[in-house]
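Descriptive structure summary
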Amino acid sequence: MMRRRERRRLVMKIATWNINGVKARLETVQEWLKEASPDVACFQEIKSVDENFPRQPFEDLGYNVETHGQKGFNGVAILSKTPLEDVERRLPGNDDDEQARYIEATVTNGDGVVRFGCLYLPNGNPLGTEKFPYKLGWMDRLLVHAEKQLAEEVPFILLGDYNVIPDPIDAKNPENWTNDALFQPESRQKFRALTHLGMTEAIRACTEASETFTFWDYQAGAWQKNNGIRIDHILMSPQANDKILGCGIDKHVRGWEKPSDHVPVWVKLAA
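Per chain, residue numbering runs from 1 following the sequence as it is written. Only residues with pLDDT of at least 70 get local features here, since the model is predicted, and only at 80 or more are side-chain atom pairs given and counted; chain-wide, interface and lining totals rely on the full set of residues. Just so you know, side-chain values use all the structure's heavy atoms and leave hydrogens and water out.

On to the environment of Tyr 102, then. By definition, any uninterrupted DSSP run of H or I lasting at least four residues is a helix, any uninterrupted run of E lasting at least two residues is a strand, and each is numbered from the N terminus. Within the fold, Tyr 102 resides in strand β6 (residues 102–109). Relative accessibility thresholds used throughout: buried, under 20% of the residue-type maximum; exposed, over 50%; partly exposed, between the two (1.4 Å probe, protein chains only). Residue classification places Tyr 102 among the buried positions, given a relative accessible area of 2%. Along the backbone, Tyr 102 and Leu 91 are eleven residues apart, and their C-alpha atoms lie at a distance of 5.6 Å. Side-chain polar atoms of Tyr 102 contact the side chain of Glu 104, separated by 2.4 Å. The definition of a polar contact used here is a pair of N or O atoms within 3.5 Å, where within protein one atom must be able to donate a hydrogen and the other to accept one, and adjacent residues in sequence count solely through side-chain atom pairs.

Structure (structure tokens):
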């Protein structure tokens, strides 16, 4: 009797990680890339100008690299095992905004394409300064841009460090964050507005579990006490969400030597 052949299902793994400095974390990031082997990886806080970004170590691992950098702080990057096309730097809507917080590119995925927006949303602290209105204004621009991208009706994924705690369940001690920009009603409302446009938050589509964190501060033994928050998110258009196979958080990376205070978050899509 002939054995029936099963066609191998193509899978695309996409990840986001605030690495908190590419030069300080280079070996750690390389180790994770070897272990996790994402097809696309979006990094935030690379803290490097484009010309000084250490491309070669990532290219040696088989990745194409595009960056939007800034000296000393901010900065975002997209790595992909397949070529990155139609790369756009900066979030539209304010030509005077010089902060390097957004990069977007298209990747071929099986018979189609996926558009990625890698973002490092402003922190917004301290409240009562110009930083919080800047955060909210940036989110307004993100909403306008997301709506335009959704109108294209192609798989679109917005992922990165949102600096927003969406709900009380997303913090070990939510009462400690009531005076922080990450947990203000305005920040949370604008985050929810993205889902109201039709975007699905990947992690919460996969699990409703509490203590599902992506960030632990370096101070006060936060990691050892599991005193974390969830601020790194993957938001997916309906066309991308239709392809979701699973998602997860690589929490163990926070326990490595010289870790970032964030950990990678990932999703797998059918290609």
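Here the narrative resumes, following the displayed structure.
Over the atoms, a rolling probe the size of a water molecule traces out where space has been left empty. Within this scheme a cavity is a closed region of a 1 Å grid, computed over the protein atoms alone, that accommodates a 1.4 Å probe without allowing it to escape, whereas a pocket is open but has protein on both sides within 12 Å along at least five of seven lines; lining residues each have an atom within 4 Å of a point. Grid points are joined across faces, edges and corners, and a volume is the space filled by probe spheres set on the points. Enumeration according to the criterion identifies one cavity of 30 Å³ or more in this entry. Roughly 60 Å³ of internal volume is contained in the largest cavity. If you trace the largest cavity, you find it lined by Arg 90, Leu 91, Asn 94, Asp 97, Gln 99, Arg 101, Tyr 102, Trp 138 and Arg 141. Residues are grouped as follows: nonpolar covers Ala, Val, Leu, Ile, Met, Phe, Trp, Tyr, Cys and Pro; charged covers Asp, Glu, Lys and Arg; every other residue, Gly included, is treated as polar. Classifying every residue of the lining of the largest cavity by side-chain character gives three nonpolar, two polar and four charged.

Moving on, we come to the nonpolar core. The tendency in soluble globular proteins is for nonpolar side chains to be buried side by side. One finds Ile 14, Phe 116 and Ile 157 to be the most contacted residues of the largest nonpolar core, which totals 25 residues. In this text, buried Ala, Val, Leu, Ile, Met, Phe, Trp, Tyr and Cys residues form a nonpolar core when linked through side-chain atoms within 4.5 Å. Counting residues in hydrophobic clusters, the runner-up holds 20 residues, among them Phe 43, Phe 58, Val 65 and Ala 77.

Reading across from one edge, β5-β6-β7-β8-β12-β9 is the order of the six strands in this open sheet, with mixed pairing throughout. At either margin of the open sheet sits one strand with a lone partner, and together these are β5 (85–89) and β9 (200–201). Note: β6 against strand β7 (residues 112–120), eight bridges, orientation antiparallel. Among the inter-strand pairings, Ile 103 is bridged to a residue of β7, identified as Cys 118. Contacts were defined at the residue level, with two residues in contact if any of their heavy atoms lie within 4.5 Å. Only the stretch in contact is used when a helix axis is fitted, and all axes are lines through C-alpha atoms; the angle between N-to-C directions ranges over 0 to 180 degrees. Running over the sheet, helix α3 (residues 131–151) touches β6, β7 and β8 (156–161) and is turned about 25° from β6. Strand pairing is defined by DSSP finding a minimum of two bridges between the two strands.

Estimates place the volume of the largest pocket at around 170 Å³. Taken together, 13 residues make up the lining of the largest pocket; nearest its centre are Glu 45, Asn 123, Asn 163, Phe 215 and His 262. Among the residues forming the lining of the largest pocket, the class breakdown is six nonpolar, four polar and three charged.

Within β8, six of the six residues are buried, which leaves it mostly tucked inside the rest of the structure. Note that β8 and strand β12 (residues 232–236) share five bridges and pair antiparallel. When the sheet's bridge partners are listed, Leu 159 is paired in β12 with Ile 234.

Here, the term disulfide refers to a pair of cysteine sulfur atoms separated by no more than 2.5 Å. Taken as a whole and judged by the stated rule, the model has one disulfide. Between Cys 206 and Cys 247 runs a disulfide, and the two sulfur atoms are separated by 2.1 Å. Of this pair, Cys 206 sits in helix α5 (residues 202–206) while Cys 247 sits in strand β13 (residues 244–249), and the two are 41 residues apart along the sequence. With no disulfide of its own, Cys 42 lies closest to Cys 118 among cysteine sulfurs, the gap being 4.2 Å. Taking relative accessible area as the criterion, Cys 42 reaches 0% and is therefore assigned buried.

Each reported salt bridge corresponds to a side-chain nitrogen of Lys or Arg within 4 Å of a carboxyl oxygen of Asp or Glu. By the definition in use, this model includes ten salt bridges. The residue Arg 115 makes a salt bridge to Glu 104 at a minimum N-O spacing of 2.9 Å. Pair noted here: Arg 115 is in strand β7 and Glu 104 is in strand β6, with a separation of eleven residues, a long-range link. A residue is classified by how much of its surface remains accessible, and Arg 115, at 11% relative accessible area, is buried. Here Arg 230 and Asp 170 are joined by a salt bridge, their closest N and O atoms 2.8 Å apart. Here Asp 170 lies in the loop between β8 and α4 (185–196) and Arg 230 lies in the loop between β11 (228–229) and β12, a separation of 60 residues in the sequence. The burial state of Arg 230 is the same as that of Asp 170; both residues are buried. Salt bridges sharing common partners tie together Asp 170, Glu 201, Arg 204 and Arg 230.

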